[in-house]
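Examination of the molecular architecture
Chain residues, written in single-letter form:
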Amino acid sequence: MARRSRRRRGRGMVLLLALAVLTALFLRWNNRSLQVTAFFPAFQTLPEGFDGCRVVVLGDLHSTFFGEKNSLLLETVQEQRPEYIFLVGDLVDAFREIPPGYAAEAAAGLRAIAPVYYVTGNHEWAAGDVPELKETLEAQGVTVLSNEFVPLERGGDQIILAGIDDPNGYADQKTPETVAAEVYAAWGNPFWLLLAHRNNLFAERYSLLGAELVVSGHGHGGLVRLPFTDGLVSTERTFFPSYTAGMYEANGSALFVTRGLGNTGRTFRLFNRPEVAVITLRRG
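Quick summary incoming for the structure in this document.

Reading guide: rules and limits
Residues numbered from 1 in each chain as written. Predicted model: local features only at pLDDT ≥ 70, side-chain atom pairs only at ≥ 80, totals over all residues. Heavy atoms only, no water. Phe/Tyr/Trp six-rings, centres within 6.5 Å; stacked < 30°, edge-to-face > 60°. Helix = DSSP H or I, 4+ residues; strand = E, 2+ residues; numbered from the N terminus. Buried < 20%, exposed > 50% of the residue type's maximum accessible area, 1.4 Å probe, protein only. Lys NZ or Arg CZ within 6 Å of the ring centre and 35° of its normal. Pairing = 2+ DSSP bridges. Axes fitted to C-alpha atoms, helices over the stretch in contact; angles between N-to-C directions. Contact = heavy atoms within 4.5 Å. Patch = residues over 30% accessible without salt bridge, like charges linked within 9 Å, V, L, I, M, F, W, Y side chains within 5 Å. Areas by Shrake-Rupley, 256 points an atom, 1.4 Å probe, with all protein chains shown as cover. Salt bridge = Lys/Arg side-chain N within 4 Å of Asp/Glu carboxyl O. Lys, Arg positive; Asp, Glu negative; His and termini not counted. Charge placed at Lys NZ, Arg CZ, Asp CG, Glu CD. Polar contact = N/O pair within 3.5 Å; in protein donor to acceptor, adjacent residues only side chain to side chain.

Now for the packing of aromatic side chains. Each pair of aromatic rings is reported with the distance of its centres and the angle of its planes. Under the counting rule described, the total for this entry stands at nine aromatic pairs. When the centroid spacing of 5.4 Å and the interplanar angle of 80° are considered together, the rings of F43 and F191 count as edge-to-face. With F43 in strand β2 (residues 42-43) and F191 in the loop between α6 (176-187) and β9 (192-198), the pair connects residues that are 148 residues apart, well separated along the chain. Overall, F43 belongs to the buried group, its relative accessible area being 9%. Centroid distance Y184 to W192: 5.9 Å. Interplanar angle 90°. Geometry classified as edge-to-face. Every member of this aromatic cluster is reached through a ring pair, and the members are Y84, F86 and Y117. When the ring centre of F66 is taken as origin, the NZ or CZ atom of R32, which lies over that ring, is 4.9 Å away.

Following this line, the structure appears as structure tokens:
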């Protein structure tokens, strides 16, 4: 009897060990395995020249590597054949040491694939040295949109791309409302996109600016994604947030939120793999 009892305990320990290993592997897969997701938002006012335009949206890298020097991330982005790449903030993390050359390497690798447009997130400002970071990115050919806008051209047509610094930025920076007013003053009534890091400011503020599409990050997909929810926990530590992943609409404006790529602090992802998002703009 004693021998049988020891055998049962032994089998139990083996099963527990196997379960622990499988759980660890599953968690690692949830946090390190890239997932490509595709979205096809349609707009009646989209100029014909931009019908079918492919954009890769990346956010919230938080100083994370996917492969050596982000080789896996870069290969995955290149495979999507983007015409533009939007980086929507939190490229680096305020709560961990930023690897030497991290921003420059990531920027150079992405810029070799397609034109890159970048806006700051809250972590860049919390980490400090934002002017130096912007100079580093611009030196690699990235267009940094600091409360400003540029035209994009395709198929003989133009749209406007605007980008705003995160609210963590300088106290005297232009407001989003001022940037929107400048877009209309310069271009009349264009089709325009807005890059703005904070997903949670869309409904009450960014959706009122008039942009056809706002592109954001920050929400991390709600960290843990459960059935019939839009994520379990917001980055502000509230439960069951909204506007955390995918397409939304409010006040006549559309929002796309990427689930992002990395984690910050002691957070982790569950049923919410790191995302390389591909938006294909459609007319109609």
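On we go.
Read from one edge to the other, the open sheet built from six strands follows the order β7-β8-β9-β10-β12-β11, with strand pairing classed as mixed. Both edges of this open sheet fall to β7 (148-154) and β11 (246-250), since each of them pairs with a single strand only. Taking the axes of each pair of neighbouring strands and ignoring which way they run, one obtains an average angle of 25° across the sheet. Summarising the sheet, strand β8 (residues 157-163) and β9 pair through four bridges and their orientation is parallel. Across the sheet, residue G163 finds its bridge partner in β9, namely L195. Each of β7, β8 and β9 is contacted by α6, which is oriented at about 45° to β7, the strand it contacts most.

So, about the sheet that holds strand β3 (residues 54-58). Spatially, the six strands line up as an open sheet ordered β1-β13-β3-β4-β5-β6, and their pairing is mixed. What marks the edges here is a single partner per strand, and that holds for β1 (35-39) and β6 (143-144). Pairing geometry for strand β5 (residues 116-118) and β6, over two bridges, is parallel. Within β6, the residue paired with Y118 across the bridge is V144.

It is worth spelling out a negative patch on the surface at this point. A cluster of acidic side chains, namely D129, E132, E135, E138 and E148, defines a negative patch on the protein surface. In terms of residue count, the dominant contributor to the negative patch is helix α5 (residues 130-139) (three residues). With respect to the helices and strands, the residue E148 is situated in strand β7. With relative accessibility at 35%, the residue E148 sits in the partly exposed group.

Looking at the secondary structure, you find H218 in the loop between β10 (213-217) and β11. The spacing of H218 and T280 is 62 residues in sequence and 21 Å in space, taken between C-alpha atoms. Discounting residues that sit within four places of it in the chain, H218 has contacts with D60, N122, H197, R198, N199, N200, T235 and E236. Among the polar contacts made by the side chain of H218, one reaches the side chain of T235 at a distance of 3.2 Å.

In this section: the pattern of salt bridges. For the coordinates displayed, the defined rule picks out seven salt bridges. For R198, the salt bridge is made with D166, and the minimal N-O distance between the two is 2.8 Å. Of this pair, R198 sits in strand β9 while D166 sits in the loop between β8 and α6, and the two are 32 residues apart along the sequence. The class for R198 is buried, based on a relative accessible area of 15%. By relative accessible area, D166 is classed as buried at 1%. The salt bridge involving K174 is made with E182; its shortest N-O contact spans 3.0 Å. For K174, a relative accessible area of 39% gives the class partly exposed. E182 gets classed as partly exposed once you look at its relative accessible area, which sits at 27%.

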